[in-house]
Amino acid sequence: MAYYTDEELRAMGFKSLGKHVKISTKASIYDCGSIAIGDDSRIDDFCVVSGNVTIGAHVHITPMCLLAGGEPGLEIGDFCACAYGVKVFTQSDDYSGRTMTNSTVPKKYKNETMAAVRIGRHSILGAGATVMPGVTLGEGSSVGAMALVLASTEPWGIYAGIPARRIKERSRELLKLEAQFMKEASNDSV
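Residues numbered from 1 in each chain as written. Predicted model: local features only at pLDDT ≥ 70, side-chain atom pairs only at ≥ 80, totals over all residues. Heavy atoms only, no water.

### Notes on the side chain of Ser-24
Using the following cut-off: A run of DSSP states H or I qualifies as a helix once it reaches four residues; a run of E qualifies as a strand once it reaches two. Both are numbered from the N-terminal end. Pairs of N or O atoms are called polar contacts if they sit within 3.5 Å, as long as, within protein, a hydrogen donor faces a hydrogen acceptor (for residues adjacent in sequence, only side-chain-to-side-chain pairs). Pairs of residues are marked as contacts when any of their non-hydrogen atoms sit within 4.5 Å.
Within the fold, Ser-24 resides in the loop between β2 (22-23) and β3 (28-29). Polar side-chain contacts of Ser-24 include one of 2.4 Å to the side chain of Asp-45. Apart from residues lying up to four places away in sequence, Ser-24 is in contact with Met-1, Ala-2, Tyr-3, Tyr-4, Ile-43, Asp-44 and Asp-45.

### A few points about the nonpolar core
We count it as follows: We call a set of buried residues a nonpolar core when its members are Ala, Val, Leu, Ile, Met, Phe, Trp, Tyr or Cys and they connect through side-chain atoms within 4.5 Å of each other. The buried label applies to any residue whose accessible area, calculated with a 1.4 Å probe on protein chains only, is under 20% of its type's maximum; exposed applies above 50%, and partly exposed to all values in between.
With 36 residues, the main nonpolar core has Ile-43 and Leu-125 as its most contacted residues. Elements with a contribution of two residues or more to this core: β4 (35-37), β7 (53-55), β10 (74-76) and β15 (117-119). What Ile-43 contacts, discounting residues up to four positions off in sequence, is Tyr-3, Lys-22, Ile-23, Ser-24, Ala-27, Ile-29, Ile-37, Val-49, Ile-55 and Ile-61.

### As for the sheet that holds strand β8 (residues 60-61)
Here is the rule we go by: Here a strand pair is declared whenever DSSP counts at least two bridges between the two strands.
Taken together, 8 strands build an open sheet; the order of strands is β2-β5-β8-β11-β16-β19-β21-β22 and the sheet is mixed. Looking at the sheet topology across the chains shown, the edges are occupied by β2 and β22 (165-169). Looking at chain direction, strand β19 (residues 142-143) and strand β21 (residues 157-160) are connected through 2 bridges and run parallel. From the neighbouring strand, Val-143 faces β21, where its bridge partner is Tyr-159.

Any functional reading would require information that these geometric values do not contain.
As structure tokens, then:
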């Protein structure tokens, strides 16, 4: 996988850009001035990132993901992962037939839902999962493959299905590993 160099990334004009960020040259990043990316985060091949997007530190966006921050904005906390083909939307058309749809139609003929999405730290979205406008994934949420998240999640739960429902608790053991990781990382930088 080929990544942009640090110089190329700086020239793209991101709102903010952390250290050791890796973005594939095959990713499509639109309106970099509205996008902030934290330290040690990575965006892989064939991803599309657009709109107001804030990505925390140590976040991995794997191939073929769509992060559509739109006007309302998308915030992804530290230590999150989006597996292959995850889609996150902050805007959606009205599919009822009462209004027109799609980006080629003026807003006065449409009834779009627009609401920010927040993905809490240590959350993970399984392959093909979809998150709709207005959802907040609580810290440590785990969303199964192909799940459709229509409502906000509570922290440290495992969610699956269409629509996604909490199926059990998620272990918090990884918080101990995070503390150890951060301690070792700070010792390495000294």
